[in-house]
Amino acid sequence: MTISADRSARGEMSGDQPAPEQAEATYLSGAAVDAVRKFGITAEDYMLPARHQIQMVDQEGNLKHHSEQGAEPGHEYPLPGDEELLAAYEQLVVGRRVNDQNSALVRQGRMAVYPSSHGQEACQIAAALCLAEGDWMFPTYRDAVAVMARGVDPIEAMTIFRGDWHGGYDPLKHKVGIQCTPLTTQLLHAVGVAHAAKLRGEDTVVLAMCGDGATSEGDFHEALNFAAVFHLPVIFFVQNNQYAISVPLAHQSVAPSLAHKAVGYGMAGERVDGNDVVALLAVLDRAVKLAREGSGPLLVEAHTYRMQAHTNADDATRYRQDTEVAQWVARDPLTRMKKYLTDKGVLDDGGDARIAEKAEAVATQLRTGLGEDVRVDPQDLFKHVFATPTPQLAQQSALLADELARDAAGAISEEETDK
Amino acid sequence: MSPTITTSSEANGNVSSATARAAASAAANAEEAGPQPVTMAKALNTAMADAMHADDSVLVFGEDVGMLGGVFRITDGLMKTFGEQRCFDTPLAESGIVGMAVGMAINGMRPVIEMQFDAFAYPAFEQIVSHVAKMHNRTKGRVKLPMVIRVPYAGGIGGVEHHCDSSESYYAHTAGLKVYTPATVADAYRMLREAIDSDDPVMFMEPKKLYWSKDLVDLDALRAEYGRQADGREATEGRAAVARSGTDATLIAYGPSVPTALAAAAAAAEEGRSLEVIDIRTIVPFDDATVAASVRKTGRAVVIAEAHGFASVSSEIVARIQERCFHYLAAPIRRVTGFDVPYPAPKLEHHYLPGVDRILDAVDDLQWED
């Protein structure tokens, strides 16, 4: 049976069944056809993930032999260049510092909450670096490091968790959707942005992020199916960090892997070591290239681990063992990258110190920016509900203004009484 | 690949003069044919076609809206006229339709999407409440969502279960959504054009039992008028209409209940009672001034709605009148609404729907003896 991503061919299916070769030529387009022609593999083998996850640098920081990286015909990934890897390492170090600084600020009561991506920084950085300037990203609430890596000001990125507004940066300016809290709903927005761009003939690629738990949501299915049916350049990037708050992956899905879900939509899926930034960049760079060339959507599942609790309000010891966490400490994305780049002579002590300094500067910016008492304007409650305001909100705004004026007058008269 | 389209939406940064051009052309085409019988379906269809002509960024999509022209034929011919890129069928998934529309609106389009029936829109509820309603506020106005969600709603067509819900209260209760519901053919045209031109997301509730009702309307004059007055036109948003003038009591209705209220007023007139009928037109924003002025004048009010009365738009209207007109009231405000039961099977719906007799009974109850 042939899987189709092209609706226009559907009509021909109702007639005589075409021969298998003809069917593939009719129903498949873009990358699948290329793969069939170039590698002599079936369309199914192109869409199904490679038998093993793609891993290029092992957890000790050694480059694996090409034959052991998981690559197969149609699933070939060239090693990213040193310059790209050094830039990624710098971002990794900054990202880790951002995560740990923000968690500290929550403990100090400076921020309401921070869902940390500690341990997942390689995914965060690769997601940001694989995109070109005009591309879009749709992040979740745990993807602040990816948002900052796309160039959003750290303080603007953290506004959502500081408690003064539900979003701090301009999505249109940065082409980064607001960090999304309702699970998986943002994948459909990514599909819509890609669809609009395609209708205008732009070559925009959209990266849509979600976690393993989100793959159980209905919008995951609808987004992947819409993207496939409309043949849109969307990369669905699933950070499988093994837990949806407390519920392990085994309770979400019994699919062979989350990447295997791709074939059900007629798109290509791939698994990658989510703590190996080299493999992540290789896989995502290729996915972006394919999508831009017209392959339609792709699904990339990154195996990673949420090293800390869901948020500060969560107690991870209630649902997982320390021994499990310890295993993942050994797979840390930063240590292996540092070893790899140092061994290769790309990173030296001077470079390391410069990167550490840069990370510290961002941490200082966060401490200063989030330490400030932000003045909130109560009238902002009403200003942005509608583009064209309603008389009812004008009345409610006046009511609040009156309350505040009376409070202020009361405070003044109390002061006078005290005197 | 088929030809690409250009975007001319002004909402998220793109600018166009297409609207002005189309207005001029509509004005030039306006013939002095005078009023003709026109269905609400035709008016809605014409409004979408005119909006698509005026602005390339207006897209129409949903379930069966393409080749079929919609199960109610409201999008009839749009795919043929504007091509499959601007009017198309989607996979059968309402959350997907609304969610994709959100993304398209973020990226410069003006999607006009159809939820096939009222109750079929519920899978999209999360997208509507969590994103459509909140995106503008969440981004402090940086991201506008100029999108219209068309919902054929309410009963009176002998429909099976899940095809006759009055779902307007769910949306009216949600901050950040505008909720329009036309009751006349002329308003159907005007209000849909306005909804499409609005930079706010609009839930456009279409009383499906009125789709094939006809009014005598000069559609060309209406189109020309909309085009001519594109800037500075007196909007219908937030403006209730006095559908019939009267002096003794006010009937307040919207959407499918307006013709029923007018029939009740006509019957009351035969009995010598002069009833004013207010057509709310846009539930959000609500026109307090017109409603309050009428009730202050008549001193008596009956609110009519098909939806269940409990915690509904009709309860909101009663509360607002009470807050504004208490000292003018000669009698408690009455409501005639659907019973608080799931929408009934076809053979029982006439017991459920507010009818002329039930409305006149309520009017009789307004303490006339005092």
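Residues numbered from 1 in each chain as written. Chains lettered and ligands numbered in written order. Predicted model: local features only at pLDDT ≥ 70, side-chain atom pairs only at ≥ 80, totals over all residues. Heavy atoms only, no water.

The name given to chain B in an unreviewed UniProt entry is Alpha-ketoacid dehydrogenase subunit beta, with Arthrobacter globiformis as the source organism. As its UniProt record puts it under Cofactor (unreviewed entry), chain B is described as follows: "thiamine diphosphate". (UniProt positions renumbered as here; feature names shortened; annotations may be inferred.)

For chain A, the name recorded in an unreviewed UniProt entry is Pyruvate dehydrogenase (Acetyl-transferring) E1 component subunit alpha, with Arthrobacter globiformis as its organism. If you open the UniProt record of chain A and go to Cofactor (unreviewed entry), you find "thiamine diphosphate".

A.B. asks: Tell me what's going on with the overall build of chain B, and back it up with residues and numbers.
C.D. replies: When its secondary structure is counted, chain B shows 14 helices and 14 strands. At a minimum sequence separation of 6, the contacts of chain B that also span at least 24 residues come to 81%. Accessible area for chain B stands at about 14,100 Å²; split by element, carbon and sulfur atoms hold 52% of it. (Helix = DSSP H or I, 4+ residues; strand = E, 2+ residues; numbered from the N terminus. Contact = heavy atoms within 4.5 Å. Areas by Shrake-Rupley, 256 points an atom, 1.4 Å probe, with all protein chains shown as cover.)

A.B. asks: Lay out the overall build of chain A in plain terms, naming residues and giving numbers.
C.D. replies: From N to C terminus, chain A includes 17 helices and seven strands. In terms of overall dimensions, chain A is globule-like: its C-alpha atoms have a radius of gyration of 24 Å, near the 22 Å expected for 419 residues. Dimensions along the principal axes, computed over C-alpha positions, put chain A at roughly 95 × 55 × 40 Å. Each of the 419 residues in chain A was classed as buried or not, and the buried ones make up 54%. Taken as a whole, chain A presents about 18,100 Å² of accessible surface, with 52% of it coming from carbon and sulfur. Computed over 37 positive and 60 negative side-chain charges, the inter-centroid distance for chain A is 1 Å. (Rg over C-alpha atoms; globule rule 2.2 N^0.38 Å. Buried < 20%, exposed > 50% of the residue type's maximum accessible area, 1.4 Å probe, protein only. Lys, Arg positive; Asp, Glu negative; His and termini not counted. Charge placed at Lys NZ, Arg CZ, Asp CG, Glu CD.)

A.B. asks: Got a sec to walk through the pairing of strand β6 (residues 268–273) of chain A? Specific residues and values, please.
C.D. replies: Residue and element names in this part refer to chain A. Among the six residues of β6, six are classified as buried, and the element is accordingly described as predominantly covered. Taking every second residue as pointing to the same face, both faces of β6 are buried, with Ala268, Glu270 and Val272 on one and Gly269, Arg271 and Asp273 on the other. Taken together, the six bridges between β6 and strand β7 (residues 298–303) define a ladder with parallel strand orientation. Paired with Asp273 across the strands is His303, a residue of β7. Once you follow β6 into helix α12 (residues 277–292) and on to β7, the crossover reads as right-handed. (Pairing = 2+ DSSP bridges. Right-handed = clockwise from strand over helix to strand, strands pointing away.)

A.B. asks: Describe the pattern of salt bridges, listing the residues and the values that go with them.
C.D. replies: The full count for this structure, using the stated rule, is 41 salt bridges over all chains. In this structure, Arg354 of chain A engages Glu90 of chain A in a salt bridge whose closest nitrogen and oxygen atoms are separated by 3.2 Å. A residue pair is termed long-range when its members are at least 10 positions apart, and Arg354 of chain A in helix α15 (residues 349–371) and Glu90 of chain A in helix α5 (residues 82–107) qualify at 264 residues. Judged by relative accessible area, which is 43%, Arg354 of chain A ranks as partly exposed. Note that Lys178 of chain B is salt-bridged to Glu237 of chain B, the shortest N-O span being 2.9 Å. Note that Lys178 of chain B is positioned in strand β6 (residues 178–180) and Glu237 of chain B in the loop between α9 (219–228) and β9 (241–244), a separation of 59 residues in sequence. With respect to class, Lys178 of chain B is no different from Glu237 of chain B; both count as buried. (Salt bridge = Lys/Arg side-chain N within 4 Å of Asp/Glu carboxyl O.)

A.B. asks: Please set out the nonpolar core residue by residue, giving values where relevant.
C.D. replies: Grouped together as the largest cluster of nonpolar side chains are 88 residues, with contacts concentrated most on Phe236 of chain A together with Ile149, Ile252 and Ile321 of chain B. Those residues in contact with Ile252 of chain B, other than ones at most four positions away along the chain, are Ile278, Ile280, Val291, Val295, Ala301, Val302, Val303, Ile304, Ile317 and Ile321 of chain B. (Core = buried A, V, L, I, M, F, W, Y, C linked by side-chain atoms within 4.5 Å.)

A.B. asks: Can you tell me about the UniProt feature "domain: Transketolase-like pyrimidine-binding" (unreviewed entry) in chain B, naming the residues and giving the values?
C.D. replies: UniProt tags residues 38–213 of chain B as "domain: Transketolase-like pyrimidine-binding" (unreviewed entry). With 36% helix and 17% strand, residues 38–213 of chain B has end C-alpha atoms that lie 8 Å from one another.

A.B. asks: Give a description of the interface of chain A and chain B that names residues and reports values.
C.D. replies: Of the residues lining the interface, 44 residues belong to chain A; the matching set on chain B comes to 53 residues. Together chain A and chain B conceal approximately 3,800 Å² of surface at their shared face, both sides included; 62% is due to carbon and sulfur atoms. Where chain A meets chain B, there are one salt bridge. Of the charged contacts in the structure, one is a salt bridge between Lys140 of chain B and Asp380 of chain A, with a shortest N-O distance of 3.3 Å. Counting across the chain A and chain B interface gives 20 residue pairs in polar contact (both at pLDDT 80 or more). If you list the elements that add at least two residues to the side of chain A that touches chain B, you get β1 (136–138), α9 (171–174), α10 (185–199), α11 (218–229), α16 (380–383) and α17 (391–418) of chain A. Here the side of chain A that touches chain B is composed, by residue class, of 23 nonpolar, 14 polar and seven charged. (Buried area = accessible area lost by both parts, 1.4 Å probe. Polar contact = N/O pair within 3.5 Å; in protein donor to acceptor, adjacent residues only side chain to side chain. Nonpolar A, V, L, I, M, F, W, Y, C, P; charged D, E, K, R; others polar.)

A.B. asks: For the sheet that holds β6 of chain A, give the residues involved together with the corresponding values.
C.D. replies: All names here are of chain A. Across the sheet, five strands lie side by side as β1-β2-β3-β7-β6; this open sheet has parallel pairing. Each edge of the sheet is formed by a strand with only one pairing partner; in this case those strands are β1 and β6. Between one strand and the next, the sheet's axes are offset by a mean angle of 20°, whatever the strand orientation. Across the sheet, α12 is in contact with β2 (206–211), β3 (234–240), β6 and β7; its angle to β7 comes to roughly 170°. (Axes fitted to C-alpha atoms, helices over the stretch in contact; angles between N-to-C directions.)

A.B. asks: So what about the UniProt feature "domain: Dehydrogenase E1 component" (unreviewed entry) in chain A? Which residues, and what values?
C.D. replies: UniProt records the feature "domain: Dehydrogenase E1 component" (unreviewed entry) for residues 94–361 of chain A in the present numbering. Annotated as residues 94–361 of chain A, this span is 44% helix and 12% strand, and its ends, taken at the C-alpha atoms, are 9 Å apart.

A.B. asks: Can you break down the domain arrangement of chain A residue by residue, with the values?
C.D. replies: Reports often express the size of an interface as the amount of accessible area lost when the parts come together. What the domain assignment reports for chain A is domain 1 (46–370) and domain 2 (379–418). A C-alpha centroid distance of 43 Å is found between domain 1 of chain A and domain 2 of chain A. (Domains from an automatic or database assignment.)

A.B. asks: Help me get a handle on the packing of aromatic side chains, residues and values and all.
C.D. replies: Here the structure, examined in full by the defined rule, presents 17 aromatic pairs over all chains. Measuring from ring centre to ring centre gives 6.3 Å for Phe125 of chain B and Tyr171 of chain B, while their planes differ by 50°; the resulting arrangement is tilted. Residue Phe125 of chain B is located in helix α5 (residues 125–132), and its partner Tyr171 of chain B is located in helix α7 (residues 168–172); the two are separated by 46 residues in the primary sequence. According to the relative accessible area criterion, Phe125 of chain B is partly exposed, its value standing at 31%. A relative accessible area of 0% means that Tyr171 of chain B is categorised as buried. An aromatic cluster is defined as three or more aromatic residues linked by ring pairs; in this entry it consists of Phe226 and Phe230 of chain A together with Phe61 and Phe88 of chain B. Directly above the aromatic system of Trp328 of chain A lies the positively charged group of Arg331 of chain A, at a separation of 4.4 Å from the ring centroid. (Phe/Tyr/Trp six-rings, centres within 6.5 Å; stacked < 30°, edge-to-face > 60°. Lys NZ or Arg CZ within 6 Å of the ring centre and 35° of its normal.)

A.B. asks: Please give an account of a negative patch on the surface that cites residues and values.
C.D. replies: Residues and elements named next belong to chain A. The grouping of Glu414, Glu415, Glu416 and Asp418 at the surface amounts to a negative patch. Position of Glu414 among the secondary structure elements: in helix α17. The class of Glu414 is exposed, set by a relative accessible area of 55%. (Patch = residues over 30% accessible without salt bridge, like charges linked within 9 Å, V, L, I, M, F, W, Y side chains within 5 Å.)

A.B. asks: Go over the side chain of Arg86 of chain B, please, and point to the residues and values.
C.D. replies: Assignment of secondary structure puts Arg86 of chain B in the loop between α3 (78–82) and β3 (87–89). Here the side chain of Arg86 of chain B touches Asp55 of chain B through a polar contact of 3.0 Å, landing on its backbone oxygen.

A.B. asks: Describe the domain arrangement of chain B, listing the residues and the values that go with them.
C.D. replies: Residues and elements named next belong to chain B. For chain B, the domain assignment lists domain 1 (8–232) and domain 2 (241–364). Summarising the inter-unit geometry, the C-alpha centres of domain 1 and domain 2 are found 27 Å apart. Listed by partner, the interface residues are 27 residues for domain 1 and 20 residues for domain 2. Taken over both partners, the interface formed by domain 1 and domain 2 buries close to 1,800 Å², and the fraction arising from carbon and sulfur atoms is 60%. At the surface where domain 1 touches domain 2, the tally comes to two salt bridges. Salt-bridge contacts for Lys209 lead to Glu306; the nearest nitrogen and oxygen are separated by 3.6 Å. For the interface between domain 1 and domain 2, the tally reads 11 residue pairs in polar contact (both at pLDDT 80 or more). For the side of domain 1 that touches domain 2, the secondary-structure elements that each account for two or more residues are α7, β6 and α8 (185–197).

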